[in-house]
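A look at the structure
Chain by chain, the residues:
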Amino acid sequence: MLKRVIAAFAVGLALASQALAADAPSEIKIGTLYASSGRYASISMPVHSAIKLWVEQKNAEGGVYVKAFDKKIPIKLVAYDDQSNTATAATLYNQLVTQDKVDLLVADSGSVLTAPAVTIARDHKMFLFDQTGTGASFFSKDNPYIALMADPVSTIWPKPIADFLTKDGPALGIKKVAILYSTNEFTGTQATAVRKFIKEANAPIEIVYDQGVPTETTNYTVILNNIRAAQPDAVIHLGYAPNDIAFLRNVQDVGIKFNMLFCIYPGLETELLEKNVGAKGLQHVFTYVPPSEMDYPVNFGMKMADYRKAWDKKYPDGKIEFGFNAVAGYTTALVIEKTLSVATSLDQMELRRAVFSLSGNLKTLDGTFALDEMGGQVGELTPLGQLQLNDHGHIKFVAVYPHDVATGKPVYPKP
Amino acid sequence: MLAYPLIAGLLFGLYFSLVGIGLNLVFGVMRIVNLAHGDFLMLGAFVGFGVFYLAGLDPLLAVPLAFAIFVLVGIFLYGILIPRLQQSVNPEMLSIILFFGLSQVIEAVMTIMFGTSERSIPSRELGSLISKIGKLLGASPEGGPVVILGQSFPAAWVISAITSVAAIFLVYVYLYRTRLGTLTRAVMSRRDEALATGINVDRVCAAAFGIGLALAAIAGVFAPFMFGSVTPAFGADATVTSFVIVVLGSLGNPLGTALGGVVYGVCYMLVQTYLSSWADLLPYVLLILILLLRPSGLLGRQVRVA
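Reading guide: rules and limits
- Residues numbered from 1 in each chain as written.
- Chains lettered and ligands numbered in written order.
- Predicted model: local features only at pLDDT ≥ 70, side-chain atom pairs only at ≥ 80, totals over all residues.
- Heavy atoms only, no water.
- Helix = DSSP H or I, 4+ residues; strand = E, 2+ residues; numbered from the N terminus.
- Buried < 20%, exposed > 50% of the residue type's maximum accessible area, 1.4 Å probe, protein only.
- Contact = heavy atoms within 4.5 Å.
- Areas by Shrake-Rupley, 256 points an atom, 1.4 Å probe, with all protein chains shown as cover.
- Lys, Arg positive; Asp, Glu negative; His and termini not counted.
- Charge placed at Lys NZ, Arg CZ, Asp CG, Glu CD.
- Salt bridge = Lys/Arg side-chain N within 4 Å of Asp/Glu carboxyl O.
- Polar contact = N/O pair within 3.5 Å; in protein donor to acceptor, adjacent residues only side chain to side chain.
- Phe/Tyr/Trp six-rings, centres within 6.5 Å; stacked < 30°, edge-to-face > 60°.
- Axes fitted to C-alpha atoms, helices over the stretch in contact; angles between N-to-C directions.
- Parallel < 35°, antiparallel > 145°, perpendicular 65-115°, else oblique.
- Nonpolar A, V, L, I, M, F, W, Y, C, P; charged D, E, K, R; others polar.
- Core = buried A, V, L, I, M, F, W, Y, C linked by side-chain atoms within 4.5 Å.
- Domains from an automatic or database assignment.
- Pairing = 2+ DSSP bridges.
- Expected span 1.5 Å × (residues − 1).
- Buried area = accessible area lost by both parts, 1.4 Å probe.

The subject of this paragraph is the overall build of chain B. Counting its secondary structure elements, chain B contains 12 helices and 2 strands. The N-to-C order of helical and strand elements in chain B reads α-α-α-α-α-β-β-α-α-α-α-α-α-α. For chain B, the C-alpha atoms occupy an extent of roughly 60 × 45 × 40 Å along the three principal directions. A total of 306 residues make up chain B; the buried ones form 56% of that total. Within chain B, residue pairs in contact and separated by at least 24 positions form 76% of the contacts whose partners lie at least 6 positions apart. Of the roughly 13,300 Å² of accessible surface on chain B, a fraction of 69% belongs to carbon and sulfur atoms. Charge-centre separation for chain B: the mean point of 15 positive side chains lies 11 Å from the mean point of 12 negative side chains.

If you want it as structure tokens, here you go:
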């Protein structure tokens, strides 16, 4: 009798396994967009290239482990070019969801090109793997269909700058601050956050200049003259990479010297900025310290040095710079891989649950992955740093705030 | 506060005159709309990159080189594209489609070849040859910004403005002081009558097309210094701005472009000073205003036919 029961159980188990295997898809479809041209190409292509690198690696190993089917399944990356155009992006996001019926939806890089995806994902009840779209409006308690993978949400990202200005600034002699920002979701939100943190600190810091310019701005000479007229001790410029390139070149060209100058992208895309602005143009510029300079402990995926080697092997021509966005793309891929390994189905809400279960536990080369209740990234913080030249005239990062991670003292005022 | 944007606008505007004048010359002579104009600007920038990064020379030397290369490119392209286009029922409309396609091809090829990232040249390198010659002659020219009426401006702006004035002057000399220029004006005035009088219209047009592209390429050499950096996708925005300047000055009148560029530059700098968030709307606002108030453009004598 017992033998019959065991035999029946074994047959049942075998049939169940066969059924499970039969249900397993032949591939996991990941849908995403990239911008091969236009204003956001330089931040989109590194992110996209990182995901492609990961897909190639995983498929060479037979695919990613998908817990829902208890087996490795190859990945199919369905990617379209939005050419940095938000209208095109909206159409293509819709296509990924309704026509291609992708299993996972991944946004393009940056808040501008993520914005159309947020609404579409929510409308179609698709969970959005938001790579670097940090805009504050994306995250709300009534939208469960989003989580930010790789950058701190813009409402908290610039806190180290504001804290440095309000806590260390007065002792250094910083009393007047100028804020110049590009009018888009990413940098607009950062400007709002800087303003808020400074005001809430009640420090003797006055904002003497606070202006937005279109994101497409490529010439800052007149604006720099206006900022100079306000006589600020510190200038905070919040823009995308092309904005920073034009801004820093104009600072050099006009011969203006600000005691403290902060820009976002010298830290995030250092290679690109150094190529365009030069090491001397970046000297003493304050910026975010990227994860590549922090060497975070890793419990999943490649370490920074190994990833850099893999990147250089895959993209030896140097047409796409290795920087913060290359790390962000790989971080997204790692979160996806880990999510698939813990999600019990490919149901979108189950994917969300799986992503949130990683919060605080997943440590990648980008730092600790941690989400707030709305899906905003609060773990992968970037300290405030300053770019200085080493003895060989090469750029090096000096973390200056918060003090517990500082690697040196800030040079203020700029010599 | 007002002096700075006015002077900056004048310098910037003179550069924009150079950006637009080639487009106007091509339209004025052939009545075709070159939507790839901005892409030839971008290609000119890459000639500058080549001269500096490959040959290690002053990017200013890219100006004559770009001119020579793109005159030849223009004549070649004219030969294979324009005569067939002119035989069509509606060459103006078809030229929009044709050159839009050409623009896409140029951008795609350049992206494949050079990637999508921003590229530029250190500003101090522009005119470095002049500085070296000055030093050899005993002068001690200093790098850095140029001071005009007590205000400092990037040296690259002044160099590009001077080059623009020289280029506009040479276009004027070409049109009004040379035989080929006289023939060009004849074609601009009445193509059919020019043909009837025995003028070799194709030869005249090929020269004008080559010069038009070459002027765009010269403007492109300065683009990394004026706009911070250049990517293969730079062309589309440059084409839009060029159109505004051309329409502002007077469509079909190359010299009106000089005025259009200056008006655009000064307006842009004033808006950046007083209403910086709205600066990007300026081209479209100017376009609407000029079409409503003076459709023939600032220097136009009559309502254009095109």
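With that settled, the discussion passes to the interface of chain B and chain A. When the parts of a complex come together, some accessible area is lost, and that lost area is often used as the size of the interface. Listed per partner, the contact involves 40 residues of chain B and 34 residues of chain A. At the junction of chain B and chain A, the tally comes to 0 salt bridges. Where chain B meets chain A, there are 21 residue pairs in polar contact (both at pLDDT 80 or more). Those elements giving two or more residues to the side of chain B that touches chain A turn out to be α1 (3-30), α4 (91-114), β2 (151-153), α9 (201-227) and α11 (254-274) of chain B. No other element matches α4 of chain B, which puts 5 residues into the side of chain B that touches chain A.

This part is about the packing of aromatic side chains. Residues and elements named next belong to chain A. Tallying each qualifying case throughout the model produces 35 aromatic pairs over all chains. Each ring, one from Y307 and one from F322, has its centre 5.5 Å from the other, and the planes form 55°; the classification is tilted. One end of the pair, Y307, is in helix α12 (residues 304-314); the other, F322, is in the loop between α12 and α13 (324-342), and 15 residues separate them in sequence. Considered together, Y307 and F322 belong to a single accessibility category, that of buried residues. Consider the rings of W311 and Y315, whose centres lie 4.8 Å apart with planes at 55°: the pair is tilted.

All names here are of chain B. At a closest axis distance of 8 Å, the pairing of α1 and helix α10 (residues 235-249) adopts a crossing angle of 85°. Viewed along their axes, α1 and α10 adopt a mutual orientation that is roughly perpendicular. Side by side, α1 and α10 meet where F16, V19, G20, L23 and N24 of the first sit next to A238, T241, S242, F243, I245 and V246 of the second. Considering only residue class, the contact of α1 with α10 consists of 7 nonpolar, 4 polar and no charged.

Residue and element names in this part refer to chain A. This model, assessed by the stated rule, comprises 13 salt bridges over all chains. Taking the shortest distance from any N to any O, the salt bridge between K314 and E56 comes out at 2.6 Å. Remark: E56 occurs in helix α2 (residues 41-60) and K314 occurs in helix α12; sequence separation between them is 258 residues. On the basis of relative accessible area, K314 is assigned to the partly exposed category, the value being 31%. You can call E56 partly exposed: its relative accessible area is 45%. The closest approach of N and O atoms between K196 and E200, which form a salt bridge, is 3.8 Å. Of this pair, K196 and E200 both sit in helix α6 (residues 185-201), 4 residues apart, which is roughly one turn of the helix. Among the residues examined, K196 registers a relative accessible area of 42% and is labelled partly exposed.

In this section: the nonpolar core. By size, the foremost hydrophobic cluster in this structure holds 196 residues, and its most contacted members are F247 of chain A together with M30, F40 and F209 of chain B. It is α9 of chain B that contributes the most residues to this core, 21 residues altogether. There are two domains that each give this core at least three residues, and those are domain 1 (24-153 + 294-368) and domain 2 (159-292 + 382-405) of chain A. Ignoring any residue separated from it by four or fewer positions in sequence, one finds F40 of chain B in contact with N34, F70, V73, L77, L102, I106, L213, A216 and A217 of chain B.

Residue and element names in this part refer to chain A. Here strand β16 (residues 395-401) lies mainly inside the structure; 6 of its 7 residues are buried. Where strand β15 (residues 384-389) lies against β16, 6 bridges are found, and the strand directions are antiparallel. What sits directly across from Q388, in β16, is K396. The hairpin turn running from β15 into β16, its antiparallel successor, is 5 residues long, and G393 in that turn takes a positive phi close to 80°.

So, on to helix α2 (residues 37-54) of chain B. Residues and elements named next belong to chain B. With 18 residues, α2 extends 25 Å between its outermost C-alpha atoms, agreeing within 8% with the 26 Å of an ideal straight helix rising 1.5 Å per residue. Taken across its 18 residues, α2 has 15 buried, putting it largely inside the fold. Looking one or two residues beyond α2, the residue adopting positive phi is G56, at roughly 70°.

Residue and element names in this part refer to chain A. Under the domain assignment, chain A is made up of domain 1 (24-153 + 294-368) and domain 2 (159-292 + 382-405). A C-alpha centroid distance of 29 Å is found between domain 1 and domain 2. Residue-level contacts link 26 residues of domain 1 with 25 residues of domain 2. Around 2,100 Å² of area is buried between domain 1 and domain 2 when both sides are counted, 59% of it from carbon and sulfur atoms. Note that R308 is salt-bridged to E271, the shortest N-O span being 3.1 Å. On inspection of domain 1 and its partner domain 2, the count reaches 10 residue pairs in polar contact (both at pLDDT 80 or more). Residue classes in the side of domain 1 that touches domain 2 are distributed as 13 nonpolar, 8 polar and 5 charged.

The next point concerns the environment of F52 of chain B. Residue and element names in this part refer to chain B. Mapped onto the secondary structure, F52 falls in helix α2. For F52 and P122, which are 70 residues apart along the polypeptide, the C-alpha to C-alpha distance reads 9.7 Å. What F52 contacts, discounting residues up to four positions off in sequence, is L57, P59, I121, P122 and E125.

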